[in-house]
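Listed below are the residues making up each chain.
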Amino acid sequence: MTISLQYTNITVNDVDESIAFYRDALGLDVRNDVSSGGHRWVTLGSEEQPELGIVLSDPHAGRSQADGDTLQELVTKGALGPIVFRSDDVDAAFEAIRASGAEVLQEPIDQPWGPRDCAFRDPSGNMVRLSQAA
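On a predicted model such as this, the values are computed, not experimentally measured, just so you know. (Residues numbered from 1 in each chain as written. Predicted model: local features only at pLDDT ≥ 70, side-chain atom pairs only at ≥ 80, totals over all residues. Heavy atoms only, no water.)

Sorry, what's going on with the sheet that holds strand 8 (residues 127-132) here?
Strands belonging to one sheet form pairs held by backbone hydrogen bonds; the direction of such a pair is parallel or antiparallel. One open sheet holds the four strands; their spatial order is 5-8-7-6, and the pairing between them is mixed. At either end of the open sheet lies a strand with only one pairing partner, and these are strand 5 (83-86) and strand 6 (103-110). Going from strand to strand, the sheet's axes swing by 15° on average, the running direction of each strand aside. With six bridges joining them, strand 7 (residues 116-121) and strand 8 adopt antiparallel strand pairing. Opposite Cys118, over in strand 8, you have Leu130 as the bridge partner. (Pairing = 2+ DSSP bridges. Helix = DSSP H or I, 4+ residues; strand = E, 2+ residues; numbered from the N terminus. Axes fitted to C-alpha atoms, helices over the stretch in contact; angles between N-to-C directions.)

Structure below.
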């Protein structure tokens, strides 16, 4: 038996604004864009991990009003866990993302536990980290 991650979800306030960040700044490809009931689920991915889909959706997509409202508050606060991407050149990726206007939280540094990494906020306030193996 094998188990692998197929999809992961990132809750965002504005799907279009977030597509621009994840596609243009991070270089992910848009694979699918589904609308239903006034909401959208946009799947992105990379050639390096073709089996993994990253799904962007708004806080109310597929949720009750109360759950969506609660999630909206957490997204707005930037209180959800970080999204961590791996890069083979974190310094070059950092410069490309910074040039997009993303809010920088941490410039690239060598961490005592091994990787070189940096951090940004996406347009919705989610923390996005980039990591490069030592």
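What is the right way to look at the packing of aromatic side chains in this model?
What characterises a pair of aromatic rings is the spacing of the ring centres plus the angle enclosed by the ring planes. Taken as a whole and judged by the stated rule, the model has three aromatic pairs. Ring geometry for Tyr22 versus Phe85: centroids 6.5 Å apart, planes at 50°, classification tilted. Of this pair, Tyr22 sits in helix 1 (residues 15-25) while Phe85 sits in strand 5, placing them 63 residues apart in sequence. The pair formed by Tyr22 and Phe85 is uniform in burial state, with each residue classed as buried. Judged by centre distance (5.3 Å) and plane angle (35°), the rings of Phe94 and Phe120 are tilted. With Phe94 in helix 3 (residues 90-99) and Phe120 in strand 7, this residue pair connects regions lying 26 residues apart in the sequence. The pair Phe94 / Phe120 is uniform in exposure class, with both members buried. (Phe/Tyr/Trp six-rings, centres within 6.5 Å; stacked < 30°, edge-to-face > 60°. Buried < 20%, exposed > 50% of the residue type's maximum accessible area, 1.4 Å probe, protein only.)

Keep in mind these numbers describe shape, not what the thing actually does.
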